[in-house]
Amino acid sequence: MSESDSEQTPDEPALEASEEALTREGVAELPEHAEFPAEMPILPLKNTVIFPHLLAPLLVNTERSKRLIDAVMQGREHLMLAVAVTESVEGSPSKDELHRTGTVLRVAKMLRFPDDSYRLLVQGVARAHIESFTEEEPFFEGTVTRLSDHGEADSVEAQALARDVRDQFVSLVSESSRLSDELQVLAMNLEEPSRLADLVASNLELDIAGKQEFLEQLDVVSRLRRARDELRRAGEAVRLESEIRDHVQSEMGKSQRDYMLRQQLDHIRRELGEAEDEEAEVDQFRTKIEAAGMPEEAHEQALRELDRLEQTPAAAAEHSVIRTYLEWVTDLPWSAESEDHLSVEDARAILDEDHWGLEKVKDRIVEYIAVLSLKKDLRGPILCFVGPPGTGKTSLGKSIARALGRKFERISLGGVRDEAEIRGHRRTYVGSLPGRIIQGLRKAETRNPVFMLDELDKVGADYRGDPSSALLEVLDPEQNGTFSDHYLEVPFDLSHVLFIATANVQDPIHPALRDRMEVIELPGYTEEDKLEIARRFLVPRQRRENGVGEIDLRIPDETIAKIISSYTREAGVRNLEREIGSVCRKVARRVAEGETPEGGFEITPDDLAGLLGPVKVEPELAERAGQPGVAVGLAWTPVGGDILFVESTRMPGKGRLKLTGSLGDVMRESAEAARTWLRANGSSVGLDEKCFEGHDLHVHVPQGAVPKDGPSAGVAMVTAMASLLTGRSAAPDLAMTGEITLRGKVLPVGGIKEKVLAAKRAGIHTVVLPEKNRRDVEEIQTELVSGLEFHYVGRVDEALDYILASGSA
């Protein structure tokens, strides 16, 4: 114990003294009423109170106290007065910080130790009161008076209280593992109630103030009552402790074994010096927290968790949970940003370098960069690219990130059904982690990346929640500034992120979610676009990826055009790239086999059959259209538009209508409406009313394995039937779409852009559309519809007059 810690403290909270112990130590007790000097040295005691007639050890290690002991040992009786300090103080106390009532002590034994400290064994003699201080240096001295007990110690009440106190104390000693069994013998042989009360007070777990009150209580009966009350409380505490211990021991099992092993492991780690690693880890986390630039709420939460980590044993399961949380919190880019490239010209050049066409998307990104250069705190827009597969939606996101000079992160939402994928799991779950939004930001290491949410239209929902609803907060510019992840439990600012969602179809997207985004449609490519894309991007990339980049390989435009028209039919260019890659692999094989023609390799259209096999897409218009009873319709599909043929024939029967081709209910109703309108208005197109009698009509839409539905085939249905019954055919390069009513109106339909592009890909030259779809055609870029002629109709008879006249022209 250092000098600054205490002047004197006992080695134990209380040291009991029995007659046997006194005899063993050779310490003789002073007579009951032995006289002592009126003036004597005063020794301050910290953290203890010594009672009369009891032995106690003392440690003396301050120079002032050692001088006092040296003076006491020079006297004949070796007497001094010990008083408790009123409150905890540093260094030596002043006289105002000492209690006035204490115990006269006799030094029974003294030993000097090599560290220059004194070990004393002292015995209490009597209570005494300090009347005045006569000296303060080199140690306290003062005049003292003996204090005698008051009250009737021989009264019946006192004797009864003494027996009660003795029995309770003996019972407490037998039940408590902290009290020596010798105290039972000592208590049973003490006849004086006063000494019994002092013995009890010295061995109860009282604070210094409580023991001082016992010492200052001179009335024996009151002292016994206080001892009885304290014994009852101590007995109840011991019994409760015993019950808890018994209950815990009965449930210890594996938990207690694990606890003991952890304690042993902690001790081993301290011996090996590994505990220092834990302190270094805490300091490292603290440094990272201060350097992260967190908002105040997140900063306070991180410090709270760090305090928990510091107090949790490393072997506890909770320790790893807290450490993982702190790793996530400190690794997030709370304030780190990548510097934006705000040059409009450079951004446009990068976008043009990576993609052909897509002018609407490029203009929107250039506008965003222009506004950002003027308003630095601009919130990131929420864009949604909608278009068929293979039209460059995902690669466009990467190009936008490159143009802005930002990091790019992408997560696929296809098949996601759990809300926790977006918001994360709460930390109460084993193995919980933040949602994929926060994970992506940690990976990006900046708070302003370009973040792509791919396949938004393929998000599912089940009993685990609806991810689309969780995305409402992510994709709402008014809310995502305080996005709350269940794992983090503190808001994170997503307003600096440029979110880009992609989808093939708008309809499956949650309406509220769709309303929060700026939807930009990416139409399919024309053959001219595909040729340019293949020349600029696909052929060079496939040459590099297939090892023929340094080989003299030429693929002329006419060869690429043949691949587009005869080996692919798609809105995008994904299959086109596969076919070009297949050509490059065939050339790579020939090079590996040692073939090296002088003029290099040139792939002509005639070579494609040997490289790619027979033609996969045959032109159907010349073979199937241009005949009575056949009409070419236009259909919308999730992968772009397509053409479909509606065929009709008649045979002897009872006037029934048969429909085949895996048609849905709406399409069947369109056929019924077409026949009904013809029967009611056949004369307007030159039909005899009796042509329906004695004949059945059969309408078939080929590709019967593909389900088909929707009202837009109404015009094609009525055209096929009218062509069959009149014997007049439609032009083979004419296609049509539109819904019909029983009153003969042609209603507008959707998907016009996709249908028009499908018509152009199929070689159609004339398209018949509802009058109210004129505005949809006007929104399509002029280069996409070049070479197409549009005819708009508002009634069925107008459509039939034009269509059937075109075939005979």
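First things first, this report covers the structure right here in the doc. (Residues numbered from 1 in each chain as written. Predicted model: local features only at pLDDT ≥ 70, side-chain atom pairs only at ≥ 80, totals over all residues. Heavy atoms only, no water.)

With that settled, the discussion passes to helix H14 (residues 393–404). Taking 1.5 Å of rise per residue, the twelve residues of H14 would be expected to cover 16 Å, and the 17 Å separating its terminal C-alpha atoms lies within 8% of that figure. Looking at H14, one finds that the buried residues are Lys393, Leu396, Gly397, Ser399, Ile400, Ala401, Ala403 and Leu404. Each element contacted by the buried residues of H14 is listed here: helix H12 (344–354), helix H13 (359–374), strand S7 (382–386), strand S8 (408–412), strand S9 (450–454) and strand S12 (498–503). Gly405, located one to two residues past H14, shows a positive phi value of around 75°. (Helix = DSSP H or I, 4+ residues; strand = E, 2+ residues; numbered from the N terminus. Expected span 1.5 Å × (residues − 1). Buried < 20%, exposed > 50% of the residue type's maximum accessible area, 1.4 Å probe, protein only. Contact = heavy atoms within 4.5 Å.)

Evaluation of the coordinates by the stated rule reveals 46 salt bridges. The residue Asp354 makes a salt bridge to Arg402 at a minimum N-O spacing of 2.8 Å. In this pair, Asp354 sits in helix H12 while Arg402 sits in helix H14, placing the two residues 48 residues apart along the sequence. Three or more residues joined by partner-sharing salt bridges are found here, namely Glu305, Arg308, Glu318, Arg427 and Glu489. (Salt bridge = Lys/Arg side-chain N within 4 Å of Asp/Glu carboxyl O.)

Our focus in this paragraph is the packing of helix H24 (residues 665–681) against helix H25 (residues 714–726). Between H24 and H25, whose axes approach to 9 Å, the crossing angle comes to 45°. Classed by the angle they form, the pair H24 and H25 counts as oblique. Crossing geometry of H24 relative to H25 is assigned as right-handed. Taken together, the residues of H25 that come into contact with H24 (itself represented by Met667, Ser670, Ala671, Ala674, Arg675, Trp677 and Leu678) are Gly714, Met717, Val718, Met721 and Ala722. Within the contact of H24 with H25, the residues separate by chemical class into nine nonpolar, two polar and one charged. (Axes fitted to C-alpha atoms, helices over the stretch in contact; angles between N-to-C directions. Parallel < 35°, antiparallel > 145°, perpendicular 65-115°, else oblique. Left-handed = near helix turned anticlockwise from the far one by under 90°. Nonpolar A, V, L, I, M, F, W, Y, C, P; charged D, E, K, R; others polar.)

Our next topic: the environment of Arg379. Here Arg379 is to be found in the loop between H13 and S7. For the pair Arg379 and Gly481, spaced 102 residues apart in sequence, the C-alpha to C-alpha distance is 9.3 Å.

Turning our eyes to something else, we now look at unusual backbone geometry. With omega at 5°, the peptide bond leading from Glu137 into Pro138 counts as cis. Look at Ser662: it is not a glycine, yet its phi comes out positive at around 60°. As for its position among the elements, Ser662 is in the loop between strand S18 (657–660) and H24. According to the relative accessible area criterion, Ser662 is partly exposed, its value standing at 35%.

It is worth spelling out the sheet that holds S9 at this point. The sheet built from five strands is open, its strands ordered S8-S9-S12-S7-S13 with parallel pairing. In this open sheet, the two edge strands, each paired with only one partner strand, are S8 and strand S13 (518–521). Neighbouring strand axes in the sheet, compared pairwise and without regard to direction, differ in orientation by 20° on average. Sheet topology places S7 next to S13; four bridges connect them, and they run parallel. Looking at the pairing, Cys384 lines up with Val519 of S13. Sheet strands in contact with helix H16 (residues 436–444) are S8 and S9, and its direction is about 155° off that of S8. (Pairing = 2+ DSSP bridges.)

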